[in-house]
Amino acid sequence: LILSNEMKQAQPTPSSTHPRPRITSSTILSIGAISTALAYASPYLLLIVTAILCVTIPYAFRENDDGESRRRLWVEFEKRPDLPEALKCKD
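Cut-offs used in this document
One numbering rule holds for all chains: residues counted from 1, following each sequence as written. Predicted model: local features are reported for residues with pLDDT of at least 70 only, side-chain atom pairs are reported and counted for 80 or more only, and whole-chain, interface and lining totals are derived from all residues. Side-chain numbers come from the whole structure's heavy atoms, not from hydrogens or water. Per the convention used, a helix needs a DSSP run of H or I reaching at least four residues, while a strand needs a run of E reaching at least two, with both numbered from the N terminus. For each residue, the accessible area found with a 1.4 Å probe, counting protein chains only, is set against the maximum for its type, and the residue is called buried under 20%, exposed over 50%, and partly exposed in between. Each accessible area is a Shrake-Rupley result for a 1.4 Å probe, and residues are judged covered by the shown protein chains and nothing else. Two joining distances apply to patches: 9 Å for like charges and 5 Å for nonpolar side chains (Val, Leu, Ile, Met, Phe, Trp, Tyr), and every residue must have over 30% relative accessible area and no salt bridge. Counted as salt bridges are all cases of a side-chain nitrogen of Lys or Arg within 4 Å of a carboxyl oxygen of Asp or Glu. Fitted lines through C-alpha atoms give the axes, limited to the stretch in contact for helices. The angle between two N-to-C directions lies from 0 to 180 degrees. Each angle receives one of four descriptions, namely roughly parallel if under 35 degrees, roughly antiparallel if over 145, roughly perpendicular if within 65 to 115, and oblique otherwise. For this analysis, residues touch if any pair of their heavy atoms sits within 4.5 Å. Ten residue types, Ala, Val, Leu, Ile, Met, Phe, Trp, Tyr, Cys and Pro, are classed as nonpolar, four, Asp, Glu, Lys and Arg, as charged, and the remainder, Gly among them, as polar.

Visitor: I would appreciate a short explanation of the overall build of the protein chain in the present structure.
Guide: Helix and strand content of the protein chain: 5 helices and 0 strands. Along the protein chain, helices and strands appear, N-terminal first, in the series α-α-α-α-α. Burial statistics for the protein chain: of 91 residues in total, 3% are counted as buried. Surface accessibility of the protein chain: about 8700 Å² in total, with carbon and sulfur atoms responsible for 64%.

Visitor: I'm lost on a nonpolar patch on the surface in this one. Help?
Guide: Taken together, L45, V49, L53 and I57 make up a surface patch of nonpolar side chains, about 290 Å² in accessible area. Among the structural elements, I57 can be located in helix α4 (residues 43–60).

Visitor: How should the pattern of salt bridges be read in this particular structure?
Guide: Opposite charge on two side chains permits them to pair, given that their charged atoms come into close proximity. Under the definition given, this model contains 2 salt bridges. Between E76 and R72 there is a salt bridge; the shortest N-O distance is 3.9 Å. One end of the pair, E76, and the other, R72, are both in helix α5 (residues 67–78), 4 residues apart, so they sit about a helical turn from each other. Judged by relative accessible area, R72 falls into the partly exposed class, the value being 45%. We note a salt bridge from R80 to D82, for which the minimum N-O separation is 2.9 Å. Exposure remark for R80: the relative accessible area of 37% places this residue in the partly exposed category.

Visitor: Is there a simple way to think about the packing of helix α3 (residues 25–41) against α4 in this case?
Guide: For any two helices packed against each other, the geometry is given by the interaxial angle and the distance between the axes. Where α3 meets α4, the closest approach of the two axes is 5 Å, and the angle between their N-to-C directions is 135°. What the angle tells us is that α3 and α4 run oblique. Residues S35, L38, A39 and A41 of α3 lie in contact with α4, whose contacting residues are P43, L45, L46 and V49. Here the residues of the contact of α3 with α4 sort into 7 nonpolar, 1 polar and no charged.

In short, the description is geometric, and any link to function would need to be established separately.
Written out as structure tokens, the structure is:
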């Protein structure tokens, strides 16, 4: 196999480029268990809790999410020296 120069460069691992998840697997498991118990106890209660969560969850996880910061981060991303040509915007 012949590897090009680009292939030989060390790629960052996902753990170094992505933040840790905000919700742990044990939290997801416990929410699933509670949901199952609610479904057995009263499907209507589960429906009400689900409707409330559908409305509130997007607001609970919104953190520094506005158009200005997204545009700034995009400009910084495009200026990275290690960005492959395929990802660069040619507009």
